[in-house]
Amino acid sequence: MRIIHLDILEISYILLYKYNLKRVRINTIFNSLKFKNPSFYKNLSFCQARQCFIELFPIYKNKRKKCRYFKISKKTYNAHIQHHSVNLRPQSDIKEELYDLIKPPRYV
Amino acid sequence: MNQDPEKHPTLEEYSTFFSFSFQDLLKLSQRDRGIYNTLFYNRLDEYNKLVSILRNAKSRGENILITGDAGKGKSSFVYKLIFDQEFLNKENLYCVVVDYREASNKDHCLMKFIDQMQKYFIDIKSPIHSLIENNPDNITKNLHLLQNYILDIDVNLLKKHLLIFLDDFDYIEENLFPFLENFLGFASNSNLTILLSARPQLYTAIDTYDNRFAIYFTRDVQRIKIKSMCAYKLLSKRLATLLVKDESNPFKHVADILLNKRNPYSELMKKYGVKNFEELNKFNLPLKNDFFNFMSQITNGNYREIFDIAHDSILYILDNYNKLETIIEEVDNVKVEKKVLTNEHVLELFCDDDSKFKECYKRVYKIINLHEYRSKNKNSLFYNTLQAIKIFEQTNDDFYNALRKLGHSPENVDKAITILKNKSHRLIIPNKIMPSKNLNDSVIYNTFRTTEKGDYYLTNITTWPEYIERFGHCGRSIKEVI
């Protein structure tokens, strides 16, 4: 599991558990990644972010070419955490700015 | 120090002298960089490794982790590099130091860092204009702007490779990782190098906290481990330097006063024809290897603490030289008289007594004697207070009531807590029974326990029943009255 996967998992965690969302646009993921660590994701393309996201949530609908809203699920998220024995920081340590950024426009 | 030639130096003046010589190296070198170069001892292997890593830092962009226990000299080691201007200029390196202990709080620390980064950009003649006013509200924005600026700037304009030294982060007790996250963006940048100094506890904490922190700070990094050194040699280096009769010696004026006067220290040196401290070793004076190894053991190899103890030890030996036990040993078929510091002396060194020695200055180290300060019912105040701290975890009414039942007044308990929380009171040992001849050294080693803070005294004593068996009971336990 690469660093980008860990970052996407963390963003998914906020969406799933904080905002109770089950669908997300890649643009949200892309912007959050760029905000979280601009130096590391300097050369990150939209396509790469989409590809990494699909690797984590390989649902049939997500793989489709014209998919706009990508599905995320708590089950897949938890499976990743357990299977790869990933250590992610507790929710309380995540910066508030990241929450604000991830929050979809209709919630503002 | 009094420089009047006719006045005889007192023990107070010795105290000042030795405390000066055993001060923190970085504090001493703030006045004069020459002192640092003179007193810094060894660490050649580690330094060569650091230098070779930094030579390749530009191309690799790897971070560096320096690990070592408390007081091992991690900061001093890195400052050797920072003070080495010749090397920094040669390799085009620029150091930015983020020292948590020097700042008053986290915001102040980050604001200082932002200021230093601005200076760096001015130094490489690419000043950053996009930063907003440097105040606590704008810290996050400014840090993001800085990260983006380093990213967007042309690599050729970064004439000096940036080295960010994160020091003393072990002292952050709360919210360490949100603070460390501010540097995560820099750590992932290959245009600069982060140099983090961490104790094993911090290293483990980072490693188990979050995989991303671990990758940037502890796993995919070049690691340098600060090894232990012989405490005796380290101290010898400090004192030997003081005694060198050389114009370049920064302590010359202090050494002159000590050596040219008629005083116990100079008499001791003249008696044996010793020119410097290192030579004392061959006469097997009390200040020999074993003694300092013993000191290392009781302080867990913390050189900062050893220096404190050495200060006390030397003064004690000077003061009680005639009282020390003499033994005769054969060295190369020649009988040699040796002064020996027995276990009793070691204890006396740390325990309170009414000797002249005690009046002269305030001792840095003190042993908490559990058999001291008993109530009318002969219950030990320190023992019961420590138990209560462990059980109640806070000083509430129940805490005081339980101790009152054992005969301890709240005022005495408060005094005991103040003493126990004092960081210089680290060792627990009773001073009533210590027959040196019948006792193995191992017993002392097992009985001494080093502690970090007052609250942890009891938890650190693993062999508590054994302790009571050997040194007698400290009265009733608090468990009987709860």
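Residues numbered from 1 in each chain as written. Chains lettered and ligands numbered in written order. Predicted model: local features only at pLDDT ≥ 70, side-chain atom pairs only at ≥ 80, totals over all residues. Heavy atoms only, no water.

**Examining the sheet that holds strand E5 (residues 221–225) of chain B**
Residues and elements named next belong to chain B. Taken in spatial order, the five strands line up as E2-E3-E4-E1-E5 in an open sheet, and their pairing is parallel. This sheet does not close on itself; its edge strands, each paired only once, are strand E2 (93–99) and E5. Taking each pair of neighbouring strands and ignoring which way they run, the sheet shows an average axis angle of 20 degrees. Sheet analysis places strand E3 (residues 161–167) next to strand E4 (residues 192–198), joined by five bridges and oriented parallel. When the bridges of E4 are listed, Leu-163 appears paired with Thr-193. Lying on the sheet, helix H6 (residues 74–83) is in contact with strand E1 (63–67), E2, E3, E4 and E5; it crosses E3 at an angle near 160 degrees. In this fold helix H12 (residues 200–209) packs onto E1, E4 and E5, with an angle of close to 120 degrees to the strand it touches most, E4. (Pairing = 2+ DSSP bridges. Helix = DSSP H or I, 4+ residues; strand = E, 2+ residues; numbered from the N terminus. Axes fitted to C-alpha atoms, helices over the stretch in contact; angles between N-to-C directions. Contact = heavy atoms within 4.5 Å.)

**Topic: the side chain of His161(B)**
Residue and element names in this part refer to chain B. Considering the arrangement of structural elements, one finds His-161 in strand E3. Reaching out from His-161, the side chain makes a polar contact with the side chain of Thr-193 at a distance of 2.7 Å. Residues contacting His-161, with those up to four places away along its chain left out, are Ala-57, Lys-58, Asn-92, Leu-93, Tyr-94, Ser-190, Asn-191, Leu-192 and Thr-193. (Polar contact = N/O pair within 3.5 Å; in protein donor to acceptor, adjacent residues only side chain to side chain.)

**Section: the confidence of the model for chain B**
Residue and element names in this part refer to chain B. In this model, chain B carries a mean pLDDT of 72, and residues with pLDDT of at least 70 account for 60%. Within the model, the stretch residues 1–9 combines pLDDT values under 50 with 20 contacts to residues more than four positions away or in other chains. Below a pLDDT of 50 lies the segment residues 427–463, which in the model reaches 96 contacts outside its immediate sequence neighbourhood of four places, other chains included. The ipTM assigned to the predicted complex is 0.80, against a pTM of 0.73. (pLDDT = per-residue confidence, 0-100.)

**A short note on the packing of aromatic side chains**
As enumerated under the stated definition, the model contains 27 aromatic pairs over all chains in all. Centroid distance Tyr36(B) to Phe40(B): 5.4 Å. Interplanar angle 20 degrees. Geometry classified as stacked. Side by side, Tyr36(B) and Phe40(B) carry an identical accessibility label, which is buried. Through successive ring pairs, a cluster of aromatic residues spans Tyr100(B), Phe113(B), Phe169(B), Phe179(B), Phe183(B) and Phe186(B). Across from the ring centre of Tyr17(A), 4.9 Å away, lies the NZ or CZ of Lys74(A), which sits over that ring. The lysine or arginine in question, Lys80(B), covers the ring of Tyr47(B), its NZ or CZ lying 5.0 Å from the ring centre. (Phe/Tyr/Trp six-rings, centres within 6.5 Å; stacked < 30°, edge-to-face > 60°. Buried < 20%, exposed > 50% of the residue type's maximum accessible area, 1.4 Å probe, protein only. Lys NZ or Arg CZ within 6 Å of the ring centre and 35° of its normal.)

**A few points about the pairing of E1(B)**
Each regular strand displays side chains that alternate between the two surfaces of the sheet. Residues and elements named next belong to chain B. Across the five residues of E1, five count as buried, placing the element largely inside the fold. Where E1 meets E5, five bridges bridge the pair, whose relative direction is parallel. For Leu-65, the partnering residue across the bridge sits in E5 and is Arg-223.

**Some details on the packing of H12(B) against helix H13 (residues 211–219) of chain B**
Residue and element names in this part refer to chain B. The interhelical angle for the contact between H12 and H13, taken along N-to-C directions, is 140 degrees, at an axis separation of 6 Å. The angle between H12 and H13 places the two elements in the oblique class. On the side of H12, the interface is formed by Tyr-203, Ile-206, Asp-207 and Tyr-209, while H13 contributes Asn-211, Phe-213, Ala-214, Phe-217, Thr-218 and Arg-219. In the contact of H12 with H13, the residues fall into six nonpolar, two polar and two charged. (Parallel < 35°, antiparallel > 145°, perpendicular 65-115°, else oblique. Nonpolar A, V, L, I, M, F, W, Y, C, P; charged D, E, K, R; others polar.)

**Here's the deal with helix H8 (residues 106–123) of chain B**
Residues and elements named next belong to chain B. When the terminal C-alpha atoms of H8 are compared, their 26 Å separation across 18 residues agrees well with the 26 Å that a helix rising 1.5 Å per residue should span. Buried residues of H8: Cys-109, Leu-110, Met-111, Phe-113, Ile-114, Met-117, Tyr-120 and Phe-121, and no others. Where H8 is buried, its residues meet E2, helix H9 (139–152), E3, helix H10 (176–181) and helix H11 (184–187). For H8, the N-terminal cap is Asn-105; the gap from its side-chain oxygen to the backbone nitrogen of Asp-107 is 3.2 Å. Downstream of H8 by one or two residues, Lys-125 has phi in the positive range, about 60 degrees. (Expected span 1.5 Å × (residues − 1).)

**Digging into the interface of chain B and chain A**
Taken together, the contact between chain B and chain A spans 22 residues of the former and 19 residues of the latter. Carbon and sulfur atoms make up 49% of the surface buried where chain B meets chain A, a total of about 1,800 Å² over both sides. Among the residues of chain B in contact with chain A, Leu151(B), Tyr209(B) and Arg212(B) are the three that bury the most area, contributing 35% of the side total. Linking chain B to chain A there are three salt bridges. Here Arg212(B) and Asp7(A) are joined by a salt bridge, their closest N and O atoms 2.4 Å apart. Joining chain B to chain A, the criterion identifies nine residue pairs in polar contact (both at pLDDT 80 or more). Contributing elements (two or more residues each) for the side of chain B that touches chain A: H9, H10, H11, H12 and H13 of chain B. The residue makeup of the side of chain B that touches chain A, split by class, is eight nonpolar, 10 polar and four charged. (Buried area = accessible area lost by both parts, 1.4 Å probe. Salt bridge = Lys/Arg side-chain N within 4 Å of Asp/Glu carboxyl O.)

**Quick look at the pattern of salt bridges**
Taken as a whole, this structure holds 12 salt bridges over all chains when the rule is applied. The closest approach of N and O atoms between Arg89(A) and Glu181(B), which form a salt bridge, is 2.8 Å. On the criterion of chain membership, the pair formed by Arg89(A) in the loop between helix H5 (74–83) and helix H6 (96–102) and Glu181(B) in helix H10 is interchain, its members lying in two chains. A residue is classified by how much of its surface remains accessible, and Glu181(B), at 15% relative accessible area, is buried. A salt bridge links Asp210(B) to Arg212(B); the shortest N-O distance between them is 2.8 Å. Residue Arg212(B) is classed as buried on the basis of its relative accessible area of 3%. If you follow the salt bridges from partner to partner, you end up with Asp7(A), Glu10(A), Lys36(A), Arg89(A), Glu181(B), Asp210(B) and Arg212(B) in one network.

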